[in-house]
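# Secondary and tertiary structure notes
Okay, here's what each chain looks like letter by letter:
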Amino acid sequence: MAQPATLTIPGSGKKITVPTGLFIDNEFVSSVDSKETIECHNPATEEVICSVVAGSEKDIDVAVAAARKAFKTTWGKNVTGFERSRLLNKLADLIERDAQELAELETLNNGKPVKIARDFDIGDSVQCLRYYAGWADKILGQSIEVDNKTKFAFTRHDPIGVCGQIIPWNYPIDMWSWKVAPALACGCTIVMKPSEITPLTALKLSELVVEAGFPPGVVNTVPSLGSVGGAALSSHKDVDKLAFTGSTITGRRIMEAAAKSNLKKVSLELGGKSPQIIFESADLDQAANWVGLGILYNTGQDCTAGSRLFVQDTIYDKFIPLLVEKFKQLKIADGFDEQAGGGPVVSKAQYDKIFSYIEAGKQQGAKAILGGEKRPGKGYFVDPTIFVDVKPDMKIVREEIFGPVLAVAKFSTEDEVIELANDTTYGLGAGLHSNDASQCMRVSQALEAGTVWVNQYNLLNNNVPFGGKKQSGIGRELGSYALEEYTSVKAVHWNYGEKLDWPL
């Protein structure tokens, strides 16, 4: 059995014990056939925090078998919605109780500020679990009139079964709750593969799954490389549904593997290159704040990051200096610094990727009016960066950067900016700022995105669906719509009065 690791929180010296094994059947275990481990790093210091067991393809098989057994015996159709609700609420209470410790662990492994992890990510996760706890006993079918004298039909929304869930490194706790909550509410069982970069909070949350009282095998957690665990889940013939949040490239591979194996149901929340539009009637001070939140929140590591900004030419010269001043006010620092509004990016690979895009922007003729330079010293810190004089064909305009890098362009007319905003292969999010109500309605309908924000940006609610269009994904998370991703509709035709004559 893998031994837990004891981690020290910077500044306070507080100790946190974290399991390092695979979580299968409510126990932390070693791999059945591998000695490989995954190193976890602190992106603020570049130091190794600890190592966890790296799951193998055979470990995925064991976890799927545990999930299938639980689905057939202690979960699925064998437990009431009232009990599922009770357990989800209990889990939410435990996460709320341990919010500070979970936030500190998140900061240590992911880099984001403790206050952001605690008050936003974990606060939202608790709310998400409670929201779906409320749905657990309200998953209803329909009674359908066929012939009132002889027969009727009804539908059942059955739990789809064993679900593979692959979550990213940018919001480890939040994405865990987004996936786990609706699946458990519907009666599904889970094999979770957290990102190999940030597996620690998923393992810590697994301890709370046991404490909450979930039966063994209902939730299983297998940290592993995406090319191993993710690939195994995607192609596994006993996995009924696969939910993934991550890059569009990986999403394509998952769809292909799902199709070639057992045609499992797939939901994908993928990349984005989201536009924000500032019209001349907007409240410019507020618009600048929302633009800042849109591209700088989570240090730009956000699938809905508003990375393309279009500013109407009549207000451009007034708005840009205001925006630069707003960006300068945000402190990017170690997440344990109480003044930090953003932390380092998550890894050396991500740091290098962001700066490769910054260099590409400069080489293609864009002008960096803020940021764009590397800091000296340790840590994967990227300062807020603003490019102007951008052209539609530049890499920084076309491709997802996943960092605090904003590309700014002018526009003259409403029709022009709609065409510019929609000129992307992605369609996850979009935002517009205007005090013209008719314009807000016209433009919000014209923008090709799964989520459109009007006079705000990047804020989501657990009762409102979220998902993409075009190459930003398939399916929806959050709200009642997410329940459809974890249920299978069965139609039952009941004859109580018709007599069949035979032969035909």
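Read on for a plain summary of the structure. (Residues numbered from 1 in each chain as written. Predicted model: local features only at pLDDT ≥ 70, side-chain atom pairs only at ≥ 80, totals over all residues. Heavy atoms only, no water.)

Here we take up the overall build of the protein chain. If you tally the helices and strands in the protein chain, you get 14 helices and 22 strands. By its C-alpha atoms, the protein chain is 80 × 60 × 40 Å across when sized along the principal axes. Within the span of the protein chain, comprising 504 residues, buried residues form 57% of the whole. A sequence separation of at least 24 residues applies to 73% of the contacts in the protein chain between residues at least 6 apart. Accessible surface computed for the protein chain: about 20900 Å², of which carbon and sulfur atoms make up 52%. Charged side chains in the protein chain number 53 positive and 62 negative. The centres of these two groups are separated by 3 Å. (Helix = DSSP H or I, 4+ residues; strand = E, 2+ residues; numbered from the N terminus. Buried < 20%, exposed > 50% of the residue type's maximum accessible area, 1.4 Å probe, protein only. Contact = heavy atoms within 4.5 Å. Areas by Shrake-Rupley, 256 points an atom, 1.4 Å probe, with all protein chains shown as cover. Lys, Arg positive; Asp, Glu negative; His and termini not counted. Charge placed at Lys NZ, Arg CZ, Asp CG, Glu CD.)

Applying the stated criterion across every chain, the model contains 30 salt bridges. A salt bridge links Arg-68 to Asp-240; its shortest N-O distance comes to 2.7 Å. Within this pair, whereas Arg-68 is found in helix H1 (residues 57-73), its partner Asp-240 is found in the loop between helix H7 (226-235) and strand E12 (241-245), the two being separated by 172 residues in sequence. Assessed through its relative accessible area of 14%, Arg-68 is described here as buried. With a relative accessible area of 24%, Asp-240 lands in the partly exposed category. A salt bridge links Lys-179 to Glu-477; the nearest nitrogen and oxygen atoms lie 2.8 Å apart. Within this pair, whereas Lys-179 is found in helix H5 (residues 172-186), its partner Glu-477 is found in the loop between strand E21 (473-474) and strand E22 (487-495), the two being separated by 298 residues in sequence. With respect to class, Lys-179 is no different from Glu-477; both count as buried. (Salt bridge = Lys/Arg side-chain N within 4 Å of Asp/Glu carboxyl O.)

It is worth stressing that arrangement in space is one thing and function is another; only the former is reported here.
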